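Single-letter residue listing:
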Protein chains: 2
Amino acid sequence: MRMTKVAPQIRIRLKVDPVLVARICHALSDATRLAILDRLRNGDQCVCDLVDVLGAGQSRLSFHLKTLKDAGLVRDRKDGRWVHYSLNTETFLAIEAFLASFRKAEDATEAQACCKT
Amino acid sequence: MRMTKVAPQIRIRLKVDPVLVARICHALSDATRLAILDRLRNGDQCVCDLVDVLGAGQSRLSFHLKTLKDAGLVRDRKDGRWVHYSLNTETFLAIEAFLASFRKAEDATEAQACCKT
DNA sequence: TCAATATATCAAGATATTTCGATTTGTCAA
DNA sequence: TTGACAAATCGAAATATCTTGATATATTGA
């Protein structure tokens, strides 16, 4: 982690498309989808596991998983007749950077990368 | 900014209500509202200024400003016959912390505060 | 091949959100 | 007090999203 102050022009900056931000935030704005993401904290889950744990219908979960995938918040991996979903942390990082830019007046209309682990 | 490592039990933690997260993210999921937030980067704006700049109807802007205010993303301040809106950075920080928790396996179901300026 | 299982997709209805125009409320200045 | 202006609210129409049940696709094992 970089600790010394750097000049503005060499800061890491990410230009964030508002259409993508809206899509990501929309994906995060539903209780079922937040519950799915919460289940994925502990690693990959197949749809059938999520159906069992969340008590939601299979087509409903497929619908929400597609929304999360289209937003880039999750990835899917096919394994035989199962599909495993997992968190895509890059997108979380990108949206965090976008939101952080609202707390940093000097960054005007662009987002600044932060929170790197 | 704290630079030394701290033990997990004394980390700052924020329990985030999924209902509030959904409300905040919903507020962030609309192009008009993102445009409003972008205008507020440079400080307070009254509704009439936003109407001029964004080219949207007044009732439409009032509707979206209410959505943003209910989500805690903006504050309003009455000044004579004008109402000035401004960014509420605390809520941005809270939602960033919530999102960051998905990138930190050890935090399980709670969000960790980060990105403090 | 056939039956069972996992997942995706579709259509239709239910629900929620957004937009617009009109009205209302509150403030100020003449 | 009156007229003008800023902003919020309301009802109705338009649009988008979510849920459900049915069906389609793909994979596996018998």
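Computed from a prediction, not measured in an experiment: that's the story for all the values here.

Reading the values: the criteria
- Residues numbered from 1 in each chain as written.
- Chains lettered and ligands numbered in written order.
- Predicted model: local features only at pLDDT ≥ 70, side-chain atom pairs only at ≥ 80, totals over all residues.
- Heavy atoms only, no water.
- Salt bridge = Lys/Arg side-chain N within 4 Å of Asp/Glu carboxyl O.
- Helix = DSSP H or I, 4+ residues; strand = E, 2+ residues; numbered from the N terminus.
- Buried < 20%, exposed > 50% of the residue type's maximum accessible area, 1.4 Å probe, protein only.
- Contact = heavy atoms within 4.5 Å.
- Near = heavy atom within 4 Å.
- Polar contact = N/O pair within 3.5 Å; in protein donor to acceptor, adjacent residues only side chain to side chain.
- Nonpolar A, V, L, I, M, F, W, Y, C, P; charged D, E, K, R; others polar.
- Pairing = 2+ DSSP bridges.
- Expected span 1.5 Å × (residues − 1).
- Arc of directions from axis to C-beta.

1. Looking at the pattern of salt bridges
Oppositely charged side chains can pair when the atoms bearing their charge come close.
Okay, step 1: Applying the stated criterion across every chain yields a total of twelve salt bridges over all chains.
Okay, step 2: Two residues, A:Glu90 and A:Arg75, come together in a salt bridge whose shortest N-O distance is 3.9 Å. Of this pair, A:Glu90 sits in helix H5 (residues 89–100) while A:Arg75 sits in strand S3 (residues 74–79), and the two are 15 residues apart along the sequence.
Okay, step 3: A:Arg75 sits in the partly exposed class, given a relative accessible area of 44%.
Okay, step 4: One salt bridge connects B:Arg41 with B:Asp38, and the closest N-O pair in it is separated by 2.6 Å.

2. Describing the environment of B:Leu61
All names here are of chain B.
Okay, step 1: In this structure, Leu 61 sits in helix H4 (residues 58–70).
Okay, step 2: For the pair formed by Leu 61 and Leu 50, sequence separation is eleven residues and the distance between their alpha carbons is 7.7 Å.
Okay, step 3: Beyond its immediate sequence surroundings of up to four residues, Leu 61 is in contact with Thr 32, Ile 36, Val 47, Leu 50, Val 51, Leu 54 and Ala 56.

3. Some remarks on the protein's contact with DNA strand D
Okay, step 1: Within the structure, DNA strand D sits among 21 residues, and A:His64, B:Cys48, B:Gln58, B:Ser62 and B:Tyr85 are positioned closest to it.
Okay, step 2: In the model, a phosphate oxygen of DNA strand D is placed 3.5 Å from a nitrogen or oxygen of the A:Arg60 side chain.
Okay, step 3: Of all the secondary-structure elements, those providing two or more residues to the surface near DNA strand D are helix H4 (58–70) of chain A together with helix H3 (47–54), H4 and strand S4 (82–87) of chain B.
Okay, step 4: For the surface near DNA strand D, the residue count by class is seven nonpolar, seven polar and seven charged.

4. Side note on the sheet that holds S4(B)
Residue and element names in this part refer to chain B.
Okay, step 1: With respect to topology, three strands assemble into an open sheet ordered S2-S4-S3, the strand pairing being antiparallel. The sheet is open, and its two edges are formed by strand S2 (45–46) and strand S3 (74–79), each paired on a single side.
Okay, step 2: The sheet contact formed by S3 and S4 spans six bridges and is antiparallel. The partner of Asp 79 across the bridge, within S4, is Trp 82.

5. Considerations on the pairing of S4(B)
Residue and element names in this part refer to chain B.
Okay, step 1: Of the strand pairs in this sheet, S2 and S4 are connected by two bridges, and their pairing is antiparallel. Bridge pairing in S4 links Cys 46 to His 84.
Okay, step 2: Remark: two residues form the turn of the hairpin made by S3 and S4, two consecutive strands paired antiparallel; Gly 80 in that turn has positive phi of roughly 65°.

6. Here's the deal with H4(B)
All names here are of chain B.
Okay, step 1: An ideal rise of 1.5 Å per residue puts 18 Å on 13 residues; H4 measures up with 18 Å between its terminal C-alpha atoms.
Okay, step 2: Taken as a whole, H4 has its buried residues at Leu 61, His 64, Leu 65, Thr 67 and Leu 68. All buried residues of H4 lie within an arc of 155° about the axis, which places them on one face of the element. Away from its buried face, by an angle of more than 90 degrees, H4 presents the exposed residues Ser 59, Phe 63 and Lys 66.
Okay, step 3: Buried residues in H4 make contact with helix H1 (18–27), helix H2 (31–39), H3, S3 and S4.
Okay, step 4: Residue Gly 72 follows H4 closely and has a positive phi angle near 85°.

7. Comments concerning the protein's contact with DNA strand C
Okay, step 1: Close to DNA strand C lie 21 residues; A:Cys48, A:Gln58, A:Ser62, A:Tyr85 and B:His64 are nearest.
Okay, step 2: Backbone atoms, meaning sugar and phosphate, make up 67% of the atoms of DNA strand C lying within 4 Å of the protein.
Okay, step 3: B:Arg81 places a side-chain nitrogen or oxygen 3.4 Å from a sugar or linking oxygen of DNA strand C.
Okay, step 4: Going through the elements one at a time, helix H3 (47–54), H4 and strand S4 (82–87) of chain A together with H4 of chain B are the ones with two or more residues in the surface near DNA strand C.
Okay, step 5: Residues of the surface near DNA strand C, tallied by class, amount to seven nonpolar, seven polar and seven charged.

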